[in-house]
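# Structural features, examined
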Amino acid sequence: MVNTNWTSVSHFVLLGISAQPEEKIPLFLLFLLMYAINISGNFAIITLIISTPRLHTPMYVLLSNLALADICFTSTTVPKMIQNIFSPTKAISYMGCLAQTYFFICFAAMENFLLAAMAYDRYIAICYPLRYPRILTRMLCSQMVALCQILSHLHALLHTFLMGRLIFCADNKIPHFFCDLYPLMKISCSSPYLNTLMIHTEGVIVINGAVAFIIASYARIISVVLWSPSAKSKWRAFSTCGSHLTVVAIFYGTLTWVYFQPLTSYSVTEGRILTVMYTVVTPMLNPFIYSLRNGDVKGAFRKWVSRIWTSSFS
């Protein structure tokens, strides 16, 4: 009987984005800059929401949780990638690889569920403004966040368990900058049929279900806004919805293109480029897109900066 838990490799080698020596410094500086913007921007959003009592509403609670998920999501892969750019070994242990896979899937799924929850929040706020405080209470908001976290961990646990069943033989080189699902399945010497089956069934339900919910919510929002007599309110609503939908399109478009295709059709080079879009670029853009067009956030930010400035020079 074959022991499917057995593996002959104790570690993997992450080959990274590029093997060209002249590209090391530009890649290091680029990803370090994007990571710094991501951390500082999302951390500023969280700090601002926590320190401003009038932002303690469901909309901003969800936004702060999205910002925290973005920090964790990017921190799962980017620091190791930056370290490996100049590392001579580029190694990651077998258990470290599985842990990275788990947390990557978990925080990607959490962002997926939170984006759907935020779309629901905007749907209630715009379509039922008078009933909004009674429908989306703090208790319901807390339950939604808790449900997002539980579902994310269950989703990650399923796919990491299936990944742990694969057997890896002599080839331990992963042509990627982190332990992603398809690159790992590509180098496995056992059949990844069950893994791909679950990605294309459970994964499709989780991702496409959230996408369908978001599209339906924003379609309803747009139809309500079109009946508004105020041209200014129409422009503001369409501008905000357009920004949000841009993030959604980048995140889900690249995610779907990478994972919802047959394993035999997966291109490592193309996969690396597209993965950067939803693991680094989208989390970096989220705090700006979800806050720059928000008057409450900009007002609170100006007061926050003013308080820091005053306390520093008083």
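Residues numbered from 1 in each chain as written. Predicted model: local features only at pLDDT ≥ 70, side-chain atom pairs only at ≥ 80, totals over all residues. Heavy atoms only, no water.

## Brief notes about the overall build of the protein chain
- When you go through the protein chain residue by residue, the secondary structure sums to 11 helices and 3 strands.
- Counting from the amino terminus, helix and strand elements in the protein chain follow one another as β-α-α-α-β-α-α-α-β-α-α-α-α-α.
- Taking all 314 residues of the protein chain together, 50% fall into the buried category.
- The contacts in the protein chain between residues at least 6 apart in sequence include a share of 81% that link residues at least 24 apart.
- When the accessible surface of the protein chain is summed, it comes to about 15400 Å², and 71% of that surface belongs to carbon and sulfur atoms. (Helix = DSSP H or I, 4+ residues; strand = E, 2+ residues; numbered from the N terminus. Buried < 20%, exposed > 50% of the residue type's maximum accessible area, 1.4 Å probe, protein only. Contact = heavy atoms within 4.5 Å. Areas by Shrake-Rupley, 256 points an atom, 1.4 Å probe, with all protein chains shown as cover.)

## Topic: the side chain of N65
- Topologically, N65 is positioned in helix α2 (residues 58–75).
- Those residues in contact with N65 that lie beyond four places of it in its chain are L114, V145 and Q149.

## Section: the pairing of strand β1 (residues 11–14)
- Across 3 bridges, β1 lies against strand β2 (residues 91–93) in antiparallel orientation. Counted as the bridge partner of H11 is S93 from β2.
- One ladder, built from 2 bridges, connects β1 with strand β3 (residues 173–174); its direction is parallel. In the strand pairing of β3, L14 is matched with I174. (Pairing = 2+ DSSP bridges.)

## Looking at the packing of aromatic side chains
- This model, assessed by the stated rule, comprises 16 aromatic pairs.
- Note on Y102 and F103: the rings are 5.2 Å apart at their centroids and 90° apart in plane angle, and the pair reads as edge-to-face.
- Overall, Y102 belongs to the buried group, its relative accessible area being 16%.
- With a relative accessible area of 38%, F103 lands in the partly exposed category.
- Considering the side-chain rings of F103 and F107, the 6.2 Å spacing of their centres and the 20° angle between planes classify their relative orientation as stacked. With F103 and F107 both in helix α4 (residues 94–127), this residue pair falls 4 residues apart, about one helical turn.
- Taken together, F73, F104, F177, F178, Y182, F251, Y252, Y259 and Y278 form an aromatic cluster joined through their ring pairs. (Phe/Tyr/Trp six-rings, centres within 6.5 Å; stacked < 30°, edge-to-face > 60°.)

## Some words on the UniProt feature "transmembrane region" (unreviewed entry) in the protein chain
- In this structure's numbering, the residues bearing the UniProt feature "transmembrane region" (unreviewed entry) are residues 25–50, 102–120, 140–158, 204–226, 238–260 and 272–292.
- For the annotated span residues 25–50, helix accounts for 100% and strand for 0% of the residues, and the straight-line distance between the end C-alpha atoms is 37 Å. (UniProt positions renumbered as here; feature names shortened; annotations may be inferred.)

## Observations regarding the packing of α4 against helix α6 (residues 138–164)
- Two numbers describe how α4 lies on α6: the axes approach to 8 Å, and their chain directions differ by 145°. At the point where α4 passes α6, the crossing takes the right-handed sense.
- Residues of the contact of α4 with α6, tallied by class, amount to 17 nonpolar, 8 polar and no charged. (Axes fitted to C-alpha atoms, helices over the stretch in contact; angles between N-to-C directions. Left-handed = near helix turned anticlockwise from the far one by under 90°. Nonpolar A, V, L, I, M, F, W, Y, C, P; charged D, E, K, R; others polar.)

## Let's talk about empty space enclosed by the protein
- This structure, assessed with the given rule, holds 4 cavities of 30 Å³ or more.
- As a volume, the largest cavity reaches approximately 200 Å³.
- Residue lining of the largest cavity: 13 residues in total, with H155, L181, I207, L255 and Y259 positioned closest to the centre.
- Going through the elements one at a time, α4, α6, α8 (193–226) and α9 (231–259) are the ones with two or more residues in the lining of the largest cavity.
- Tallied by class, the residues present in the lining of the largest cavity amount to 10 nonpolar, 3 polar and no charged.
- Lining the second largest cavity are M59, L63, M118, D121, R122, H244 and Y290. (1 Å grid on protein atoms, 1.4 Å probe; cavity = no way out; pocket = protein on both sides within 12 Å on 5 of 7 lines; lining within 4 Å. Points joined across faces, edges and corners; volume = space filled by probe spheres on them.)

## Focus: α4
- In this model, α4 (34 residues) spans 50 Å end to end at C-alpha, consistent with the 50 Å of a helix rising 1.5 Å per residue.
- A large share of α4 lies buried, amounting to 28 of its 34 residues. (Expected span 1.5 Å × (residues − 1).)

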